[in-house]
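Structure at a glance
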Amino acid sequence: MTLEPIKSEIEANVSGCRLEILLNGSPSGQLSLLIDPEHALAVAKFLRDAEHLRFDYCSNVTGIDWPGKEISVTVKTKKIVDGVEQEVEEVQKSQSSGCLEAVYHLYSMEKKHGPVILRMRTENRTDRVSLPSLTPIWRGAEFQEREIFDLYGVIFDGHPDLRRILMWDGFEDHPMRKDYVEPDDYEYEPTAHDEVLQKAKQHLNRAGWP
Amino acid sequence: MSAATLPAVHLTPKPSIDGSEGQLLEVSMGPQHPSTHGVFRMDVVLDGEQVVKLKPVFGYLHRNHEKIAEQETYLGSMPYTDRLDYFCSITNNWAYALAVEKLAGIQVPERAEYIRIITGELTRLQNHACLIGFLMQDMGASGTPLMYAFREREKILDLLEALTGSRMMCNYMRFGGCRVDFPTGWLQQAQKVVEAFPRFLDEYERLLAENEILMARTQGIGVLPKELAVNAGVTGPMLRACGVNYDIRKVDKYGIYDRFSFRVPLGEHGDVYDRYMIRLLEMRESVKVLQEAIRDIPSGAIMDAKTKIRGFRPKAGEAYGRIEAPKGELGFYLISDGSPNPYRYRVRPPSLINLTVLEDMCLGHNVADVVVILGSVDIVLGEVDR
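Figured I'd write up the structure that's included with this text. Just so you know, these numbers come straight off a predicted model, no measurement behind them. (Residues numbered from 1 in each chain as written. Chains lettered and ligands numbered in written order. Predicted model: local features only at pLDDT ≥ 70, side-chain atom pairs only at ≥ 80, totals over all residues. Heavy atoms only, no water.)

Focus: the interface of chain B and chain A
Each partner contributes to the interface: chain B provides 48 residues, whereas chain A provides 46 residues. Together chain B and chain A conceal approximately 3800 Å² of surface at their shared face, both sides included; 53% is due to carbon and sulfur atoms. For chain B, the biggest contributors to the area lost against chain A are B:Asn231, B:Glu318 and B:Tyr343; these three give 17% of the whole. Applying the counting criterion to the chain B and chain A interface returns five salt bridges. With a shortest N-O distance of 3.0 Å, A:Arg119 and B:Glu318 are connected by a salt bridge. In terms of residue count, strand S8 (residues 317-325) of chain B provides more of the side of chain B that touches chain A than any other element does, five residues in total. Of the residues in the side of chain B that touches chain A, the class split is 23 nonpolar, ten polar and 15 charged. (Contact = heavy atoms within 4.5 Å. Buried area = accessible area lost by both parts, 1.4 Å probe. Salt bridge = Lys/Arg side-chain N within 4 Å of Asp/Glu carboxyl O. Helix = DSSP H or I, 4+ residues; strand = E, 2+ residues; numbered from the N terminus. Nonpolar A, V, L, I, M, F, W, Y, C, P; charged D, E, K, R; others polar.)

Quick look at the structure:
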């Protein structure tokens, strides 16, 4: 499906929403639509209820982690070196905040078309991680949004039952994040590995192996 | 002593039960319970025999398949997809291969497409045969119907073993084709099995379809309304039992499914009986597809010659590929950043999402019906928990 007509239609019907078509470099050609979180519920409701679109089926909901990257910008500045003013190139490094992303794959069971891919991004990865829940529009997103909350740490406002789903309740971190470090809390038991290896080597030496 | 003079007794109400009128009882069904088909738990609140509230609890088999796959090469995840829905490893392979083929733009040779359809439909036959057997077991028809179904399943597993080397963990598909061609005489043997299959279906239907106990236990039980099923993202035979005509083999026509003439059976009431009958009817349609595919299969290559399986690095981008697995829509969502392993690897598990409506189907029914309703959803915990 081509996204441009859908985009202009949403813009005509949901006032004030900011949409952006994201390109896709792979031959699959599945473009996606980045929507702003404030108008997400209205956009979703429009896509579900519009007479000729009728995206009544939310198939796949998933999260993606985009950690912050180091951005280096080369800036020319004027500096006084050895008493002479010179133009010097300087590399300024900064850290982008990164974001968490929720992706929704929509199909229409009535019209049998799709997919339209919606994306929403949080402001950063640490404290501003809320997105509006689309479960009130499509109940199929219920467990999958819980999964994103569990594994990525996105907080879905308006979700009816936002709890961990796969990890246990007392678990603290979000394991699908790219910078997740496994806790070193395994119980190690000493084994006779080194002794056995030594014995084996002696045995091999006696037998004349290389 | 009249009732009015009796001292009031205050019991500490349990926090999870609201409305302390009457005698509500909270029961934890599972995780070690034979009817949950694995390690799955339901927190059920009961009023006498009736279900008032039901919350499924997952995660007992969670191993973060997606994280492991993101640290593995594209090909390295293929054997692991077998372990998702371990009844249907062939269709899991197929969905993953399809997503990677979309991501990298790979064409599959014609013979390989036929092989995929033959093995995939055989998988559907054995999955549905198992399911109806287990459903009978859940209803208390202990042993015999299950063994009848397993007898047929074993014939298909023998075929898969002869082809792939393994009964259940097949690891058979590759990006751009299949791993090995049929051994000598395999197709003839497959034809025999497929031709004999309707006899099993006839026998099963004669035995059970109009059985009085079966009808009493399933008709009108666990009714799922059409609108709710669509909105909750229910797919597969469960959706079609509600009367929604949505089969991805027909909608997407992935592979070469547009060449085969088969029908999509639809239910009417959306109860357990319809879900049971849908599976029987779907098996008959699968037999038709299989007969056509075995008749028409061309000779030729089974792998796309241009695809480099080792050192496979697709261009940066993303793709979502989905197929009609026996349990519903199985999808894989992949994001590549140009490196040998996927940046994001996501499985859309049909079993998990079909469980969204479990509470709605069970409310007001007896505990014994919960077992039957769960059996008719057809879940595999390897896929639910991933």
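Let's pick the thread back up.
Examining the sheet that holds S8(B)
All names here are of chain B. Strand order in this open sheet of three strands is S8-S9-S10, and the pairing throughout is antiparallel. The open sheet has two edge strands, S8 and strand S10 (344-348), and neither has a second partner. Pairs of neighbouring strands in the sheet enclose a mean axial angle of 10 degrees, with direction left out of account. The pairing of strand S9 (residues 328-336) with S10 spans five bridges and is classified as antiparallel. Looking across to S10, one finds that phenylalanine 332 is bridged to valine 347. (Pairing = 2+ DSSP bridges. Axes fitted to C-alpha atoms, helices over the stretch in contact; angles between N-to-C directions.)

So, the pairing of S9(B)
Residues and elements named next belong to chain B. With nine of nine residues buried, S9 is to be regarded as a mostly interior element. In the sheet, S8 pairs with S9 via nine bridges, with the strands oriented antiparallel. What sits directly across from glutamate 324, in S9, is glutamate 329. Between S8 and S9, which pair antiparallel in sequence order, lie two residues. (Buried < 20%, exposed > 50% of the residue type's maximum accessible area, 1.4 Å probe, protein only.)

Points about empty space enclosed by the protein
Within this structure, the stated rule accounts for one cavity of 30 Å³ or more. Approximately 50 Å³ is the volume attributed to the largest cavity. Along its surface, the largest cavity is lined by A:Val61, A:Thr62, A:Gly63, A:Gln144, A:Glu147, A:Ile148, A:Leu151, A:Tyr152, B:Glu66, B:Arg344 and B:Arg346. At the level of elements, strand S3 (57-66) and helix H3 (142-152) of chain A together with S10 of chain B are the ones that each hand at least two residues to the lining of the largest cavity. (1 Å grid on protein atoms, 1.4 Å probe; cavity = no way out; pocket = protein on both sides within 12 Å on 5 of 7 lines; lining within 4 Å. Points joined across faces, edges and corners; volume = space filled by probe spheres on them.)

Describing the packing of helix H3 (residues 89-104) of chain B against helix H4 (residues 110-139) of chain B
All names here are of chain B. Following both chains from N to C, one finds H3 and H4 inclined at 140 degrees, their axes separated by 9 Å at the closest point. Relative to H4, H3 is oriented oblique. Seen from H3, the contacting residues are Ile90, Thr91, Trp94, Ala97 and Glu101; seen from H4, they are Arg116, Ile117, Thr119, Gly120 and Thr123. Residues of the contact of H3 with H4, tallied by class, amount to four nonpolar, four polar and two charged. (Parallel < 35°, antiparallel > 145°, perpendicular 65-115°, else oblique.)

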